[in-house]
Amino acid sequence: MVVNAAQPEPARLDPQSSRGDGRHEVKALLAEYDLHAIRHWLAMHPAGFQPLYQPRTVNNVYFDTWEFGACQDNLSGISIRTKVRLRWYGELERFERARLEMKLKRNQLGWKDIYDVPIAVELCGGRWRDIRRRIRAELPPSAQQRFDLSAMPTIINSYQRSYHASHDRKVRVTLDTHQRVWDQRFKPWPNVQHPAPLVPTLIVEFKFDPADRKAAESIMATLPMRAGKSSKYVAGVLASIGR
């Protein structure tokens, strides 16, 4: 069953989709020790940033083609990219409800279809073949076809996320820290025991509608340190293969 996405009607995973205007998502890669400075910057900013939700642990399984198409597209700088992930919150090893997200990104504009996956899963002791089958059974036929195109679980990642919004709610900022990643490539069962080595980072993500781009750019221009570009998925894959 499709649940509410960021737009009233979620866009199709199709470069020709015209539903909705999408949302800008701009990520900035910083060192994890910059967290205190970024929190201070948000608290003192004239845009009046305030916490939006309680911080929580975000967990994801990323699915890709056997050729790592989504990862390769990102590394190659392809402007139109798709990504498939299963997301849940809280405990890593098990969940009672998750959601499957199918994301389309065109440059810095993003859309996503979100499907509720109301199944209980214990990752420890499960098999990917069975977990994928159960996820697929909860999807409508059109989503099943797209899910089949990304048949391989590549990584699991987990991180702590805090949520902030400007006073007018036009610009939202998330701060992701304590990221961990587990390699899932070509494994018959989930690996949540042996994380890959990952450099501690802080990911600052700005989210805003196209109509609010100028306001968001003026806020991002005041970021107190130089930031690099980031993809948690690509970073996780590279860490898994030792790069």
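The notes below deal with the structure included here. (Residues numbered from 1 in each chain as written. Predicted model: local features only at pLDDT ≥ 70, side-chain atom pairs only at ≥ 80, totals over all residues. Heavy atoms only, no water.)

**Here we look at the nonpolar core**
Formally: Remark: nonpolar core denotes a set of buried residues (Ala, Val, Leu, Ile, Met, Phe, Trp, Tyr, Cys) joined through side-chain atoms within 4.5 Å. Throughout this description, buried means an accessible area under 20% of the type-specific maximum (1.4 Å probe, protein chains only), exposed means over 50%, and partly exposed covers the range between. What counts as a helix is a DSSP run of H or I of at least four residues, what counts as a strand is a run of E of at least two, and both are numbered from the N terminus.
Within the largest apolar cluster, 24 residues are counted, with the highest numbers of intra-cluster contacts made by Leu 86, Trp 88, Leu 100, Ile 135, Phe 147 and Ile 156. At the level of secondary structure, the elements contributing two or more residues to this core comprise strand S2 (50-64), strand S3 (80-89), strand S5 (98-106), strand S6 (109-117), helix H3 (128-137) and helix H4 (141-149). Counting residues in each nonpolar core, the second largest holds 19 residues, with Val 171, Phe 208, Ile 219 and Leu 223 among its members.

**Examining the pattern of salt bridges**
Here is the rule we go by: The salt bridge criterion pairs a side-chain nitrogen of Lys or Arg with a carboxyl oxygen of Asp or Glu, the two atoms within 4 Å.
All told, the structure shown has 19 salt bridges when counted by the stated rule. A salt bridge links Lys 27 to Glu 205; the nearest nitrogen and oxygen atoms lie 3.5 Å apart. Residue Lys 27 is located in strand S1 (residues 23-31), and its partner Glu 205 is located in strand S10 (residues 201-208); the two are separated by 178 residues in the primary sequence. The exposure class of Glu 205 is buried, given its relative accessible area of 3%. For Arg 99, the salt bridge identified is with Glu 101, shortest N-O distance 2.6 Å. One network of salt bridges, with partners in common, ties together Lys 27, Arg 161, Asp 176, Glu 205 and Lys 232.

**Notes on the environment of Tyr 53**
Relative to the helices and strands, Tyr 53 is located in strand S2. Of the residues examined, Tyr 53 reaches a relative accessible area of 48% and is grouped as partly exposed. Each C-alpha atom of the pair Tyr 53 and Glu 96 lies 21 Å from the other, and the pair is 43 residues apart in sequence.

**Structural notes on the sheet that holds S3**
What counts here: Should DSSP find at least two bridges between two strands, the strands are regarded as paired. In this analysis an axis means a line fitted to C-alpha atoms, helices contributing only their contacting stretch, and an angle means the value between N-to-C directions, from 0 to 180 degrees. Contacts: residue pairs with any heavy atoms within 4.5 Å of one another.
The antiparallel closed barrel is built from eight strands, whose spatial order is S1-S6-S5-S3-S2-S8-S9-S10. Averaged over all pairs of adjacent strands, the angle between their axes in this sheet comes to 35°, without regard to strand direction. Sitting on the sheet, helix H6 (residues 232-240) touches S1, S2, S3, strand S8 (152-165), strand S9 (172-183) and S10, and the angle it makes with S8 is about 135°.

**Description of the side chain of Asp 34**
As a reminder of what qualifies: This count recognises Lys and Arg as positive and Asp and Glu as negative, with His and chain-terminal groups excluded.
Here Asp 34 lies in the loop between S1 and helix H1 (35-44). The buried charged residue Asp 34 lacks any salt bridge, with Arg 226 as its nearest oppositely charged partner at 12 Å. Beyond its immediate stretch of four places on either side in the chain, Asp 34 contacts Leu 202 and Met 225.

**Section: the packing of aromatic side chains**
Aromatic ring pairs are defined here through the distance separating the ring centres and the angle between the ring planes. Short version of the rule: The pairing test for Phe, Tyr and Trp rings, Trp by its six-membered ring, is centres within 6.5 Å, and the orientation test on the planes gives stacked under 30 degrees, edge-to-face over 60, and tilted for anything in between.
Inspection of the entire model under this criterion finds eight aromatic pairs. Centre to centre, the rings of Phe 63 and Phe 147 are 5.2 Å apart; their planes meet at 75°, and the pair counts as edge-to-face. Of this pair, Phe 63 sits in strand S2 while Phe 147 sits in helix H4, placing them 84 residues apart in sequence. This pair shows no difference in class: Phe 63 is buried, exactly as Phe 147 is. Taking 6.2 Å as the distance between ring centres and 15° as the angle between the ring planes, the aromatic pair formed by Trp 66 and Phe 186 counts as stacked. Of this pair, Trp 66 sits in the loop between S2 and helix H2 (69-76) while Phe 186 sits in the loop between S9 and S10, and the two are 120 residues apart along the sequence. Exposure remark for Phe 186: the relative accessible area of 58% places this residue in the exposed category.

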